Amino acid sequence: MQPLHKKERIMMAEKKQIIMFWGRRCPHCRAMEPIVQKLEEEEGIKFERLEVWENKENADKMRALAEIIKPACGGYLGTPAFYDPNRNGALCGEKPYETLRDWALAKIDE
Amino acid sequence: MRGKTFYRCTVCNDIHYGNIAPKICPTCSSKDAYVHIAEREAGVILKFLKIEEGKIVDIKYKTHGCVATIASKDFTLNTDKERIELIVQGVLEHEEQYGLKYCPCRMTSGNFDEDLSLICPCNFKIQNNWKEIGECWCSLFIKRKE
Ligand code: SF4
Ligand SMILES: [Zn+2]
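Cut-offs used in this document
Residues numbered from 1 in each chain as written. Chains lettered and ligands numbered in written order. Predicted model: local features only at pLDDT ≥ 70, side-chain atom pairs only at ≥ 80, totals over all residues. Heavy atoms only, no water. Disulfide = S-S within 2.5 Å. Helix = DSSP H or I, 4+ residues; strand = E, 2+ residues; numbered from the N terminus. Contact = heavy atoms within 4.5 Å. Buried area = accessible area lost by both parts, 1.4 Å probe. Salt bridge = Lys/Arg side-chain N within 4 Å of Asp/Glu carboxyl O. Polar contact = N/O pair within 3.5 Å; in protein donor to acceptor, adjacent residues only side chain to side chain. Nonpolar A, V, L, I, M, F, W, Y, C, P; charged D, E, K, R; others polar. Pairing = 2+ DSSP bridges. Donors = N, O, S within 2.8 Å, 3.2 Å for Na, K, Ca; no water. Tetrahedral: all angles 85-135°; square planar, octahedral: opposite > 155°, others 65-115°. Buried < 20%, exposed > 50% of the residue type's maximum accessible area, 1.4 Å probe, protein only. Core = buried A, V, L, I, M, F, W, Y, C linked by side-chain atoms within 4.5 Å. Phe/Tyr/Trp six-rings, centres within 6.5 Å; stacked < 30°, edge-to-face > 60°. Lys NZ or Arg CZ within 6 Å of the ring centre and 35° of its normal. Axes fitted to C-alpha atoms, helices over the stretch in contact; angles between N-to-C directions. Parallel < 35°, antiparallel > 145°, perpendicular 65-115°, else oblique. Left-handed = near helix turned anticlockwise from the far one by under 90°.

Undergrad: What should I look at first to understand the state of the cysteines in this one?
TA: Structurally, a disulfide amounts to a covalent bond that connects the sulfur atoms of two cysteines. Residues and elements named next belong to chain A. Enumeration according to the criterion identifies 2 disulfides over all chains in this entry. Through a disulfide, cysteine 73 is tied to cysteine 92; the S-S separation comes to 2.0 Å. Linking cysteine 73 and cysteine 92, the disulfide has an S-S dihedral of approximately 100° and is accordingly described as right-handed. A residue pair is termed long-range when its members are at least 10 positions apart, and cysteine 73 in the loop between helix H4 (66-72) and strand E3 (77-78) and cysteine 92 in strand E5 (residues 89-92) qualify at 19 residues.

Okay, structure coming up:
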């Protein structure tokens, strides 16, 4: 799997969205969906949801980000994996509302 | 070096899969009784392969349900029924689709050997999740409280 090119990353970042890689039978993803919805409503954060088991393209997108996602998910391509193309960072798993909010709103500090 | 392959105990027909044959059979305790066999033979003995007149007529992986057979002193199943059902559904769908019970909470990398660590139940005690909060990555298994 090729790592994601800078160009593709910039294209992703321009959309100003957090990408949420999720799995259709993953209990963590199911638990996070209402939290994600609440963040969209209350904070105006946009999430692009990409299901990875049914959609091969989405799976490849996730795999291309393995270098970023794996360390955030304990060494695996865990779900849900939130990816912020702006700062090329990831947050993984079931998290409280505040944690995801603060992470999603954090400024790029690279 | 042959790599991982199947071995059969010539005394009790126990099947072993690995790099080397066990010295002592764990099923019947016979010593030096294993011979190397083909995958086909192993499949027929383990009843996931049925061959008639030279043709494979049935490939069936016996489904135990990934959780039914597992019991341990230090961990137990999560008591959240909905969660268990969702995970088991995922695991069985993956088995149907890929032949392996891949974990529904971690995506496959696409590298076959690497993804062998994602078969449920996995070796979850090496995960940080287990060390930190006492659960497997999916929270299917949780540490028993003392
Ligand atoms: S993390 Fe839990 S559900 Fe996933 S493969 Fe391991 S034991 Fe199964
Ligand atoms: Zn034996």
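Undergrad: What is the right way to read the interface of chain A and chain B from this model?
TA: Often the size quoted for an interface is simply the accessible area lost on bringing the parts together. Across the contact, 19 residues belong to chain A and 26 residues belong to chain B. Both faces considered, chain A and chain B share a buried interface measuring about 2,000 Å² in area, 57% of it formed by carbon and sulfur atoms. It is A:Arg25, A:Trp53 and A:Tyr76 in chain A that bury the most area against chain B; as a group they hold 42% of the surface buried on that side. Applying the counting rule to chain A against chain B returns 4 salt bridges. Put simply, A:Arg25 and B:Glu93 hold a salt bridge, and the shortest N to O gap is 2.7 Å. Taken together, the links from chain A to chain B amount to 9 residue pairs in polar contact (both at pLDDT 80 or more). Of all the elements in the fold, those that place two or more residues in the side of chain A that touches chain B are helix H2 (27-43), helix H3 (56-64) and E3 of chain A. Residue composition of the side of chain A that touches chain B, by class: 10 nonpolar, 3 polar and 6 charged. By the bridge criterion, 2 bridges tie E3(A) to strand E7 (residues 106-107) of chain B in an arrangement that is antiparallel. In the sheet register, A:Leu77 faces E7(B), and the bridge partner there is B:Met107.

Undergrad: How should the coordination of the zinc ion (ligand 2) be read in this particular structure?
TA: Perfect tetrahedral coordination of a metal by four donors corresponds to 109.5 degrees between them, and perfect octahedral coordination by six donors corresponds to 90 or 180 degrees. Residue and element names in this part refer to chain B. Here the zinc ion (ligand 2) is held by Cys9 (SG), Cys12 (SG), Cys25 (SG) and Cys28 (SG), and the distances to it run 2.2 to 2.4 Å. Between the 4 donor atoms coordinating the zinc ion (ligand 2), the angles at the centre fall across 105 to 115°, so the site counts as tetrahedral. By relative accessible area, which is 28% here, cysteine 28 ends up partly exposed.

Undergrad: Got a minute to help me understand the nonpolar core in this structure?
TA: Across soluble globular proteins, nonpolar side chains have a tendency to be buried as a group. In this structure, A:Phe21, A:Met62, A:Ile69, B:Met107, B:Phe124 and B:Leu140 are the most contacted members of the largest nonpolar core, which totals 38 residues. Elements that contribute at least two residues to this core include exactly strand E1 (18-22), H3, H4, strand E4 (81-84) and E5 of chain A together with helix H2 (81-98) of chain B. With 13 residues, the next largest nonpolar core counts A:Met32, A:Ile45, A:Leu91 and A:Ala104 among its residues.

Undergrad: What should I look at first to understand the packing of aromatic side chains in this one?
TA: Two descriptors summarise a pair of aromatic rings, namely the distance from one centre to the other and the angle between the planes of the rings. Under the criterion given, the structure shown has 9 aromatic pairs over all chains. Three or more aromatic residues joined by ring pairs form one cluster here, namely B:Phe75, B:Phe124, B:Trp130 and B:Phe141. The ring of A:Trp103 is capped by A:Arg87, whose NZ or CZ atom sits 4.5 Å from the centre of that ring. A cation sits over an aromatic face here: B:Arg106 above A:Tyr76, 4.5 Å from the ring centre.

Undergrad: I tried to follow the packing of H2(A) against helix H5 (residues 97-105) of chain A on my own but got confused; where do I start?
TA: Two packed helices can be described by the angle between their axes and the distance between those axes. Residue and element names in this part refer to chain A. Between H2 and H5, the least distance of the axes is 10 Å, while the angle of their chain directions is 50°. As judged from the angle between their axes, H2 and H5 are oblique. Seen from above, H2 lies across H5 with right-handed handedness. Here Met32, Ile35, Val36, Lys38, Leu39, Glu42 and Glu43 of H2 come into contact with H5, specifically with Tyr97, Leu100, Arg101 and Leu105. Residue composition of the contact of H2 with H5, grouped by class: 7 nonpolar, no polar and 4 charged.

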